[in-house]
Amino acid sequence: SMFLVGLKNSLAQNIFQTRELLCDSCNKHLNLRFESSSFFKNNEYESPFATGFTGIGVMFKPTLEYYFNKNTKLNFGAFGLKYSGLDGLSQFVPIYQIQHKVMNGFELVFGSIYGNLNHDLAEPLYRFDRYYLNNVEYGVQMLNHSKFLDSDLWLNWEQFIFEGDPFQEEFTLGNHTKIKFLNRKRLKIKGDCQVLIYHKGGEIDTYMGPAFYLFNGAYGLDFQFKTKFINYAIRPKFLTYHGDGFPENGKNSNPYKNGNGLLFSGDLEHKYFYIETGYWNGNKFVSPNGESLYLSVSESNSDFHQDNRQLYYTKFRLKRHMSRNLKLELRANLYVDLKNDVLPDYSFGLYFIANELFFLKKINSNNLF
């Protein structure tokens, strides 16, 4: 369908996209879906703003997938995270997702949503490492896809509270919308709007600290040029930050209430490789889930901050996509801090993604009993 083609093109460079469209011919089908991601990510960070870390392991998510009808699908299973060098699982989460097509181009997802890198957010708003550190998102999601619009609106409820709990509730409300201004074969121009609201608070907990929130926005344009073998893109973005209600000191304190940033990047994509290079100029910019290298407040010490941050970065990917369901990528990132005299920060990673669907049977409910 057109929906599928549009989605594949818009997320061509995102191998971590698991967003699946409903299948029109799958009425009463019972499938087994097996998703797995083997990852090795090494962050060699000298910057005082970010902490070096190595994540190595495997995530797997087997689910039974059942189509009640062509418009409603249920996925039921489990998610596991296993780090190399640790016995047992570091995370085991039951997966329950129900996806319903309300009308053409408009789908509703309840339970386990298409989260993390599916949202396709700019790096200052969303750090890549959350892919394996905080992979599962639970809440509600509305997906909209039409000729001129691609939109993902979601609520990720991160911490639920009961009365008397000693901690606060936490959630993120987000939206990523792409508006297609020009959609020619060789040239595409899109407006790009990303909004995140992070809230920590609640009325029934016994936690003594104040409730607070952070707002982040990213607004820009994508100019995409297509040739026979290589796609080019230029993506300027203006980012904003506003926060309020922070405690005076301690864990959630913050020296800044308002900030902004300019992210200017260009990329080229080939079947076998991808290169992106960009410049970041941030002023008092804070983002709760953003990559720490871009932020004005240090990841490990909130007392350490710098009003203006300037970075130059380059990212490289080597791609080997065996099929739509089996993908291997080698990635390397280099970040140069233009304001501080530190060695360049770099990271490299290797990722092997599998996402396979096995048809089990067609269930005719009349013959069950």
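Residues numbered from 1 in each chain as written. Predicted model: local features only at pLDDT ≥ 70, side-chain atom pairs only at ≥ 80, totals over all residues. Heavy atoms only, no water.

A few words on the nonpolar core. Residues F16 and Y294 are the most contacted members of the largest nonpolar core, which totals 47 residues. Going through the elements one at a time, β3 (72–83), β4 (91–103), α2 (130–133), β9 (187–201), β10 (212–226), β11 (231–244), β14 (308–323) and β16 (345–362) are the ones with two or more residues in this core. Setting aside chain neighbours within four positions, we find F16 in contact with L117, N118, F128, Y131, R331, Y351 and I353. (Core = buried A, V, L, I, M, F, W, Y, C linked by side-chain atoms within 4.5 Å. Buried < 20%, exposed > 50% of the residue type's maximum accessible area, 1.4 Å probe, protein only. Helix = DSSP H or I, 4+ residues; strand = E, 2+ residues; numbered from the N terminus. Contact = heavy atoms within 4.5 Å.)

On to the environment of F215, then. Examined against the element boundaries, F215 turns out to sit in strand β10. F215 gets classed as partly exposed once you look at its relative accessible area, which sits at 25%. Here the alpha-carbon distance between F215 and T72, two residues 143 residues apart in the chain, equals 34 Å. Not counting the four nearest positions on each side in its chain, F215 is found in contact with V195, L196, I197, T240, Y241 and H242.

To find leftover empty space, a probe the size of one water molecule is rolled over the atoms. All told, the structure shown has three cavities of 30 Å³ or more when counted by the stated rule. The space that makes up the second largest cavity amounts to roughly 80 Å³. As for the second largest cavity, its lining consists of H119, L121, Y126, R130, E137, W154, N156, E158, T172, L196 and N289. With three residues, the single largest contributor to the lining of the second largest cavity is strand β7 (residues 149–159). Among the residues forming the lining of the second largest cavity, the class breakdown is four nonpolar, four polar and three charged. (1 Å grid on protein atoms, 1.4 Å probe; cavity = no way out; pocket = protein on both sides within 12 Å on 5 of 7 lines; lining within 4 Å. Points joined across faces, edges and corners; volume = space filled by probe spheres on them. Nonpolar A, V, L, I, M, F, W, Y, C, P; charged D, E, K, R; others polar.)

When β7 meets strand β8 (residues 169–183), the two strands line up antiparallel, connected through ten bridges. Paired with Q159 across the two strands is E170, which belongs to β8. For β8 and β9, the ladder comprises 14 bridges, and the chain directions are antiparallel. Looking at β9, one finds that I179 is bridged to G191. As consecutive antiparallel partners, β8 and β9 are separated by three residues. (Pairing = 2+ DSSP bridges.)

Together, L32, F34, L64, F358 and L360 make up an exposed nonpolar region whose accessible area comes to about 410 Å². Broken down by secondary-structure element, the contributors of at least two residues to the nonpolar patch are β1 (29–44) and β16. Position of F358 among the secondary structure elements: in strand β16. Relative accessible area serves as the criterion here: at 41%, F358 is assigned to the partly exposed category. (Patch = residues over 30% accessible without salt bridge, like charges linked within 9 Å, V, L, I, M, F, W, Y side chains within 5 Å. Areas by Shrake-Rupley, 256 points an atom, 1.4 Å probe, with all protein chains shown as cover. Salt bridge = Lys/Arg side-chain N within 4 Å of Asp/Glu carboxyl O.)

What follows deals with the confidence of the model for the protein chain. On average, the protein chain scores 88 in pLDDT, and the residues at 70 or more come to 94%. Across residues 1–11 the pLDDT falls below 50, and counting only partners more than four positions away or on other chains, this stretch makes 19 contacts in the model. (pLDDT = per-residue confidence, 0-100.)

Under the criterion given, the structure shown has one disulfide. One disulfide bridge connects C23 with C26, the sulfur atoms lying 2.0 Å from each other. With the S-S dihedral at roughly 80°, the linkage between C23 and C26 falls on the right-handed side. Given the relative accessible area of 21%, C23 is considered partly exposed. (Disulfide = S-S within 2.5 Å.)

As a volume, the second largest pocket reaches approximately 1000 Å³. Forming the walls of the second largest pocket are 37 residues, and the residues nearest its centre are Y198, N252, S287, P288 and N289. It is β7 that provides the largest number of residues to the lining of the second largest pocket, a total of three residues. Of the residues in the lining of the second largest pocket, the class split is 13 nonpolar, 16 polar and eight charged.

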